[in-house]
Amino acid sequence: MTYLLFLFFLQSISVGRGTRKKDEDSGTDVGEGTDEWSQSKATVKPPDQLDLTDAELKEEFTRILTANNPHAPQNIVRYSFKEGTYKLIGFVNQLAVHFSHVGNLIPKDSDEGRRQHYRDEIAAGSQESTEAIHSDTEMLEEEEESKEAEAGSQTDVPTAEAADKVTEEELMAPMQPKEQKLTNQFNFSERASQTFNNPLRDRECQMEPPPRTNFSATANQWEIYDAYVEELEKQEKTKEKEKTKTPVAKKMGKLAMRKLTSMESQSDDITKVTQAAKIVERMVNQNTYDDVAQDFKYYEDAADEYRDQEGTLLPLWKFQNDKAKRLAVTALCWNPKYTDLFAVGHGSYDFMKQSRGMLLLYSLKNPSFPEYIFSSESGIMCLDMHMDHPYLVVVGHYDGNVAIYNLKKPNSQPSFRSSAKSGKHTDPVWQVKWQKDDMDHNLNFFSVSSDGRIVSWTLVKSELVHTDVIKLKVEGSTTEGPEGLQLHTVGCGTAFDFHKEIDYMFLVGTEEGKIYKCSKSYSSQFLDTYDAHNMAVDAVSWNPYHTKVFMSCSSDWTVKIWDHTIKSPMFIYDLNSAVGDVAWAPYSSTVFAAVTTDGKAHVFDLAINKYEAICNQPVVAKKKNKITHVQFNPIHPIIIVGDDRGHITCLKLSPNLRKMPKEKKGQEVQKGPAVEIAKLDKLLNLVREVKTKT
């Protein structure tokens, strides 16, 4: 070994001398090469470079970097289905992608990840083993050379080859991979921090967009000048009026003006937000009562298929107001134009507890609060809404007055009202009905009262003019008074209804239980008299399809269906409790509903069952609550019922309560008034045949 190192040292000395001699022969200086890096480099000028002056070189050009893509198109046009035209798209995507690479990463915890990890470890182990083999062979060769140099004799070759074979076999054996616990740097989480995430749910409700209107106006200098002139003229007029007033009148006028200005300021502030607040309130209510609205629109009771011709009533909304808590529902009426709006009259049927009255108008879109509120000093006993002018509501009071409210003028006072001078009733007004306008196109309505008068009221020049149509007298009750005077017992009218086709004919129910068929032309005679009930008649109603059929109900627990050409009833139903009100269904000539004081609603369909109701259901929360009135909606399959606690409940009719004629193969379903008339005539003919036989 020492011999080899000595030879290497001598060789390096000889090489160093040779290189120095070459440098001397060539005549180059070593110091010159060391200073080459510090010398300045010569600039190379391209042949097409511009020759600029110093001023041009010093001139600055400012460039602003923006995020806009210069290659993005600015005139993209797409078709708008909403407006029906091609519209220029204002927003253009300015994103420019310079590099994108789709990765192929595999999770380490997966089976494929484990396989790749195992292959990588095996490859790393085999590489280390080959490197170790090469290093060992080099060391063995050096040892052999050293031994030969020292001893000068050959080594035992078979022993060295055996040693090489042993080391190669040991190194070529596959190494087992060491098990190491590796944490995933990208997907590492402790078991204690893992929680269950609730799935996200989106709930949407579709509604019709509100109507939109574009408003634009221009104002020029002349219009502004005219407005200022009008304001100055008003101020001058008020100053002239104040000069003519007395000091006391001036003080009173100032107080009144202060009140008016304060009210105006308040009303201005409120009116600015009224429409928006009403829309927001309806939106909140729509979300609050969304499940009820869904039932109203889409729910159909599937259990009706398994009931034997019986139906149910599904409660929907409940309407109530704190101001009308202790007042009974005395009248119900749907608006003829807006099918979601209905009017409610509040009063009291107990003559010992008479107080104030209220007129409320509710909408199905806002069950929490009424749309209109009107209060009165006397209780409201009846009401009706005009067919052609749905904003006019006529009401009858307990004190005998009648009044007309205009919904376009949201004042608490009625627009027109009767008085003692204008011929008001002396007893409570039990029913009012709008009629067709007279020959001079004046508004006209009728009223009936317990004083025995049926009065026609006409609105002439903003005044109510009354005309007594008929005075009810009890037949056979005339008695002779002093000096041969004949005294008649007055009949107390409680309900009436006008014929749908014959304008002059109408029916009147009385407290004595009789029903009179009257005419507008005869004021002293009745066309016919029916001994209908044993107690007061609560309601009388003509059938909306059949011109001969009408219905009556009474406190004697009965509902009777009549043919006005026959004095005896066609059908009689005993409901085991006093009947407060009855109403025909607008979609069928054989369906009607009745409500009783025991809190139940009864729905009949004569085409299905002539003997009993197909639905008897309690519809109030407490048994003590008495149902007073019922009304069918003219379009939707719902009814509203009112009780003596001031609550109004909306109920949906199940499919069995509104069955329509079934389709037959190869035949179209016949619909219309003629079909409904024939359906009811068929039932009446059966009853007439039985009566003729008996």
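Check the entry above for the structure.
Cut-off values and rules
Throughout this description, residue numbers start from 1 for each chain and increase along the sequence as written. The model is predicted, so local features are restricted to residues of pLDDT at least 70 and side-chain atom pairs to those at 80 or more, both for listing and for counting; the totals for chains, interfaces and linings are taken over all residues. The basis for the side-chain values is all heavy atoms of the structure; hydrogens and waters are excluded. Elements are defined by DSSP. Helices are runs of H or I of four residues or more, strands are runs of E of two residues or more, and each kind is numbered from the N terminus. A simple rule labels every residue: compare its accessible area, found with a 1.4 Å probe on the protein chains alone, to the largest value its type can have, and call it buried under 20%, exposed over 50%, or partly exposed in between. Any two residues whose heavy atoms approach within 4.5 Å are treated as being in contact. Surface accessibility follows the Shrake-Rupley procedure with a 1.4 Å probe radius. Residue values consider only the protein chains on display as shielding. Strand pairing is defined by DSSP finding a minimum of two bridges between the two strands. Fitted lines through C-alpha atoms give the axes, limited to the stretch in contact for helices. The angle between two N-to-C directions lies from 0 to 180 degrees. Each nonpolar core is a collection of buried residues, namely Ala, Val, Leu, Ile, Met, Phe, Trp, Tyr and Cys, held together in the definition by side-chain atoms within 4.5 Å. Patch criteria: residues need more than 30% relative accessible area and no salt bridge. Like-charged residues are merged within 9 Å; nonpolar side chains of Val, Leu, Ile, Met, Phe, Trp and Tyr are merged within 5 Å. Whenever Lys or Arg places a side-chain nitrogen within 4 Å of a carboxyl oxygen from Asp or Glu, that contact is recorded as a salt bridge. Charge convention: Lys and Arg are scored as positive, Asp and Glu as negative, and His as well as the terminal groups of each chain are ignored. By convention, charge coordinates are those of NZ in Lys, CZ in Arg, CG in Asp, or CD in Glu. Put simply, two rings from Phe, Tyr or Trp (the six-membered ring, in Trp's case) pair if the centres are within 6.5 Å, and we call them stacked under 30 degrees between planes, edge-to-face over 60, tilted for the rest. We call a charge positioned over a ring when the NZ of a Lys or the CZ of an Arg lies within 6 Å of the ring centre and within 35 degrees of the ring normal. By arc we mean the arc of the directions from the helix axis to the C-beta atoms, nothing more.

Help me get a handle on the overall build of the protein, residues and values and all.
Secondary structure assignment for the protein yields 9 helices and 32 strands. Within the protein, the fraction of its 694 residues that count as buried is 33%. For the protein, the share of sequence-separated contacts (at least 6 apart) that also reach a separation of at least 24 residues comes to 47%. Looking at the protein as shown, the accessible area adds up to about 49300 Å², and 53% of this sits on carbon and sulfur atoms.

Explain the sheet that holds strand S21 (residues 528–531) residue by residue, including any values.
Across the sheet, which stays open at both edges, the 4 strands sit in the order S18-S19-S20-S21 with antiparallel pairing between neighbours. Both outer strands of the open sheet, strand S18 (493–498) and S21, are each paired with one neighbouring strand and no more. Each adjacent strand pair in this sheet contributes to an overall mean axis angle of 20°, direction not counted. Strand direction decides the pairing type here: strand S20 (residues 514–519) and S21, joined by 4 bridges, are antiparallel. Across the sheet, the residue bridging to Lys-517 is Asp-528, located in S21.

I'd like a description of the nonpolar core, backed by residues and values.
By size, the foremost hydrophobic cluster in this structure holds 22 residues, and its most contacted members are Val-559, Ile-561, Phe-571, Val-582, Phe-592 and Leu-606. Within the residue set of this core, elements represented by two or more residues are strand S23 (549–554), strand S24 (558–563), strand S25 (571–574), strand S26 (579–584), strand S27 (591–596) and helix H9 (673–693). Take this core: its biggest share by element is 4 residues, from H9. When near neighbours in sequence (up to four residues on either side) are disregarded, Ile-561 contacts Val-549, Phe-550, Met-551, Pro-569, Met-570, Phe-571, Tyr-573, Trp-584, Phe-592 and Leu-606.

So what's going on with the pairing of S20? Residues and values would help.
Here S20 lies mainly inside the structure; 5 of its 6 residues are buried. As judged from the 5 bridges shared by strand S19 (residues 505–510) and S20, these two strands associate in the antiparallel manner. Across the sheet, Leu-507 pairs through a bridge with Lys-517, a residue of S20. Taking the residues that link successive antiparallel strands as the turn, the S19-S20 hairpin has 3 residues, and the phi of Gly-513 there is positive, at about 95°.

Give a description of a negative patch on the surface that names residues and reports values.
Together, Glu-223, Asp-226, Glu-230, Glu-231, Glu-233, Glu-236 and Glu-240 line one region of the surface with negative charge. With respect to the helices and strands, the residue Glu-236 is situated in helix H6 (residues 221–244).

Give me the lowdown on the sheet that holds strand S7 (residues 372–376), citing residues and values where you can.
Pairing within the open sheet is antiparallel, and its 4 strands lie in the order S4-S5-S6-S7. Of all strands in the sheet, those bounded by a partner on one side alone are strand S4 (328–334) and S7. Averaged over all pairs of adjacent strands, the angle between their axes in this sheet comes to 20°, without regard to strand direction. Relative to S7, strand S6 (residues 357–363) runs antiparallel, the two sharing 5 bridges. Its bridge partner being in S7, Gly-357 is matched across the sheet by Ser-376.

Would you mind going over the pattern of salt bridges in detail, with residue names and values included?
Any two side chains of opposite charge can pair if their charged atoms end up close together. Counted according to the given criterion, the structure contains 17 salt bridges. Among the ionic pairs, Asp-468 bridges to Arg-453, the shortest N-O distance being 3.0 Å. Taken together, the residues span a long stretch of sequence, with Asp-468 in strand S15 (residues 463–471) and Arg-453 in strand S14 (residues 453–460) at a distance of 15 residues. With relative accessibility at 13%, the residue Arg-453 sits in the buried group. One salt bridge connects Asp-531 with Lys-514, and the closest N-O pair in it is separated by 4.0 Å. Taken together, the positions of Asp-531 in strand S21 and Lys-514 in strand S20 put the pair 17 residues apart, joining distant regions of the chain. For Asp-531, a relative accessible area of 61% puts it in the exposed group. A single network of salt bridges, built from pairs that share partners, joins Lys-278, Arg-282 and Glu-371.

With reference to specific residues and values, describe a nonpolar patch on the surface.
Where nonpolar side chains cluster on the molecular surface, the patch consists of Val-77, Tyr-79, Phe-81, Tyr-86 and Leu-88 and spans about 640 Å² of accessible area. Going through the elements one at a time, strand S1 (77–80) and strand S2 (85–88) are the ones with two or more residues in the nonpolar patch. Tracing the chain through its elements places Tyr-86 in strand S2. Taking the relative accessible area as the measure of exposure, Tyr-86 reaches 62% and is therefore exposed.

Summarise the packing of aromatic side chains; cite the residues concerned and give the values.
A complete count under the given rule lists 24 aromatic pairs for this structure. Note on Phe-498 and Phe-506: the rings are 5.1 Å apart at their centroids and 40° apart in plane angle, and the pair reads as tilted. For the cation-ring pair, Lys-408 lies above Tyr-391, with the distance from its terminal atom to the ring centre recorded as 4.2 Å.

Quick rundown of the environment of Val-619? Include the residues and the values.
Among the structural elements, Val-619 can be located in the loop between strand S29 (615–618) and strand S30 (627–632). Sequence-wise, Val-619 and Gly-642 are 23 residues apart; in three dimensions their C-alpha atoms are separated by 9.9 Å. Apart from the residues within four sequence positions on either side, Val-619 is in contact with Leu-313, Gly-599, Ala-601, Ile-627, Val-641, Thr-649 and Leu-651.

An account of helix H8 (residues 290–298) is requested, with residue identities and associated values reported.
Asp-290, Val-292 and Phe-296 are the residues of H8 that are buried. Buried residues in H8, looked at end-on, bunch into an arc of 160°, giving them a common side.

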